[in-house]
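# Architecture at a glance
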Amino acid sequence: MLKISQVKSVLNHVINNNRHLEKVGKKKNSILIEGESGLGKTSLMCQIAKENGLGLVKINLAQIEQAGDLCGFPFIEYEYVASEGSSVAWASGKQIDSYKNTVALTGNTRTSYSPPAWVPKDGSGVILLLDDWTRGATHVIQACLELIDRGEFISWKLPSDCHVFLTSNPSNGEYIVCDLDSAQSSRFIKLEMKFAVDEWAAWAERDGVDSRCINFLMLNPEMIKGKTNARLATDYFNSISSLEDFGSPETLNLIQLLGEGSVGPEFSACFALFINNKLDRVPSPKDIFEAKDHEAAIAKISAVVGKVETSGYKQNIASVLSSRLINYSDKIIEEKTFNKKKDVDRIAEIVKSGCFSGDISYNLIKSLNMRKQFAALIEHKEIISIVTK
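This structure is a prediction, so every number in the text was calculated from the model and none was measured. (Residues numbered from 1 in each chain as written. Predicted model: local features only at pLDDT ≥ 70, side-chain atom pairs only at ≥ 80, totals over all residues. Heavy atoms only, no water.)

We now examine the overall build of the protein. Broken down by element type, the protein carries 17 helices and ten strands. Taking 389 residues into account, the globule formula puts the C-alpha radius of gyration at 21 Å, and the protein, at 28 Å, lies well above it. Dimensions of the protein, computed from C-alpha atoms along their principal axes, come out at roughly 95 × 50 × 40 Å. Within the protein, buried positions represent 46% of all 389 residues. Put simply, 72% of the contacts in the protein that link residues at least 6 apart link residues at least 24 apart. For the protein, the distance from the average position of its 45 positive side-chain charges to the average position of its 48 negative side-chain charges is 5 Å. (Helix = DSSP H or I, 4+ residues; strand = E, 2+ residues; numbered from the N terminus. Rg over C-alpha atoms; globule rule 2.2 N^0.38 Å. Buried < 20%, exposed > 50% of the residue type's maximum accessible area, 1.4 Å probe, protein only. Contact = heavy atoms within 4.5 Å. Lys, Arg positive; Asp, Glu negative; His and termini not counted. Charge placed at Lys NZ, Arg CZ, Asp CG, Glu CD.)

And the structure:
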């Protein structure tokens, strides 16, 4: 199974490769992304479309009752001759009426299908996303097969630079979906996507999810299972984000009530234990970066992780803080609030203080040094000695 970043890499390749296949006159590939609900499959498609300069047409097959809504409705075409000696042509009844007896009908008719409104008419590239593919009615799924396989439907074709992607939930007994036969499943490449807490945490940092909640899920990723998915957990976290003190009895009771009605009793009980153990007070990366000086930042970390190489050292919390410092660095770089001198020195002093163990310090330096904004990290002699140990 693939993480979101791996799926994204494959999709970017498929788009570029489809463009090549189209140029050489070969059939393009369609992709099905299968995964549990709430993983971000649809959101990933929106991101892929934007980054590749493509439009996005999202069609939820579970909401389509008639195949014509997806593939277009039939209409009658009439064969005619514009002038004596000219070749025959075809036109709709409305077009024939507009010609005002300037053409001669041959008497032949045929049924064609009109491209639906969602088909781009301006020649721009697009991703056609057939969302919740296996929740569609059988006749709708059948009508999609030629679109998926060949990019056409009887009398019309998808435009150039159009890429057909599908999403679905697994057929594991947890979802109301239909099983696909070999004729259906052989028309696309299937990618199975899984939840990865590290990628969720990076997204959550950028999206502004409550810092306390990010810490909780990074410490307890096993809470995402079954019907409790990442989307549901994020919605729950957002529902309590305005509460300032999680630890007060009244607030904690409210947090549990909301949790039991959304993420379930097991998740909410684990979250309550997290609060009772005062882990909601673990500093955010913003607190660390914006502390008044290096000493204050180091003190915030040491207060929650303890002293390295002692029985009280909390390796798991130190690892979470290190990962979040990396994610927050990416956020401030993206938002253009990065202060090269102050922020690079802050990380350097944290590492040199020894509040993180050697392996965590090494991974922190290695990860940040891959970003050009933190290239100055290795100008510190103590940092070089840590990396080269």
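With 64 residues, the main nonpolar core has Trp-200, Phe-237, Phe-267, Phe-271, Leu-321, Ile-347 and Phe-356 as its most contacted residues. It is helix H14 (residues 315-334) that provides the largest number of residues to this core, a total of nine residues. Look past the residues within four positions of Leu-321 in its chain and what remains in contact with it is Val-282, Pro-283, Ile-288, Ile-301, Val-304, Val-305 and Phe-356. Membership of the second largest hydrophobic core comes to 27 residues, among which are Leu-32, Trp-118, Ala-143 and Phe-188. (Core = buried A, V, L, I, M, F, W, Y, C linked by side-chain atoms within 4.5 Å.)

Okay, helix H8 (residues 211-219) next. Burial analysis of H8 places nine of its nine residues in the buried class, the great majority of the element. Among the residues making up H8, those that are buried are Ser-211, Arg-212, Cys-213, Ile-214, Asn-215, Phe-216, Leu-217, Met-218 and Leu-219. Against helix H7 (197-207), helix H9 (230-239), helix H11 (265-276), helix H12 (285-289) and H14 lie the buried residues of H8.

Our focus in this paragraph is the sheet that holds strand E3 (residues 74-81). Hydrogen bonds between backbone groups are what pair the strands of a sheet, and the pairing can be parallel or antiparallel. Spatially, three strands are ordered E4-E3-E5 in an open sheet, and the strand pairing comes out antiparallel. Single-partner strands in this sheet number two, and they are strand E4 (88-92) and strand E5 (104-113). Neighbour-to-neighbour, the strand axes of this sheet turn through a mean angle of 30 degrees, independent of strand direction. (Pairing = 2+ DSSP bridges. Axes fitted to C-alpha atoms, helices over the stretch in contact; angles between N-to-C directions.)

Together, Ile-76, Tyr-78 and Leu-105 make up a nonpolar patch on the protein surface, roughly 260 Å² of accessible area in all. Relative to the helices and strands, Leu-105 is located in strand E5. (Patch = residues over 30% accessible without salt bridge, like charges linked within 9 Å, V, L, I, M, F, W, Y side chains within 5 Å. Areas by Shrake-Rupley, 256 points an atom, 1.4 Å probe, with all protein chains shown as cover. Salt bridge = Lys/Arg side-chain N within 4 Å of Asp/Glu carboxyl O.)

One way to put it is that helix H13 (residues 294-305) packs onto helix H15 (residues 340-353) with a least axis distance of 10 Å and a crossing angle of 50 degrees. With respect to each other, H13 and H15 are oriented oblique. As for the relative orientation of H13 and H15, their crossing is right-handed in sense. Contacts from His-294, Ala-297, Ile-298 and Ile-301 in H13 reach Lys-342, Asp-345, Arg-346, Glu-349, Ile-350 and Ser-353 in H15. (Parallel < 35°, antiparallel > 145°, perpendicular 65-115°, else oblique. Left-handed = near helix turned anticlockwise from the far one by under 90°.)

Let us now look at the pattern of salt bridges. Here the structure, examined in full by the defined rule, presents 18 salt bridges. In this structure, Glu-34 and Lys-190 form a salt bridge, with 3.8 Å as the shortest nitrogen-oxygen distance. Of this pair, Glu-34 sits in strand E1 (residues 31-34) while Lys-190 sits in strand E10 (residues 189-192); the two residues are 156 residues apart in sequence, bridging distant segments of the chain. Relative accessible area serves as the criterion here: at 15%, Glu-34 is assigned to the buried category. Three or more residues joined by partner-sharing salt bridges are found here, namely Lys-27, Glu-146, Asp-149 and Arg-187.

Attention now moves to the pairing of E3. Sheet topology note: the E3/E5 ladder contains seven bridges and is antiparallel. Across the sheet, Val-81 pairs through a bridge with Ala-104, a residue of E5. The sheet contact formed by E3 and E4 spans five bridges and is antiparallel. Note that in E4 the partner of Glu-77 across the bridge is Ser-92. Hairpin connection, E3 to E4: the antiparallel pair is bridged by six residues, and Gly-85 has positive phi, about 90 degrees.

Now for the packing of aromatic side chains. Taken as a whole and judged by the stated rule, the model has 19 aromatic pairs. Ring geometry for Tyr-236 against Phe-237: centres 5.9 Å apart, planes inclined by 40 degrees, an arrangement best described as tilted. A relative accessible area of 2% places Tyr-236 in the buried class. In textbook terms, an aromatic cluster arises when at least three aromatic residues are bridged by ring pairs, as seen for Trp-200, Phe-216, Tyr-236, Phe-237, Phe-246, Phe-267, Phe-271 and Phe-274. (Phe/Tyr/Trp six-rings, centres within 6.5 Å; stacked < 30°, edge-to-face > 60°.)

A few words now on unusual backbone geometry. Even without being a glycine, Asp-161 presents a positive backbone phi close to 60 degrees. On the secondary structure map, Asp-161 appears in the loop between strand E8 (156-157) and strand E9 (162-168). Residue class for Asp-161 comes out buried when judged on its relative accessible area of 16%. For Glu-309, which is not glycine, the phi torsion reads 65 degrees and is therefore positive. In this fold, Glu-309 is placed in the loop between H13 and H14.

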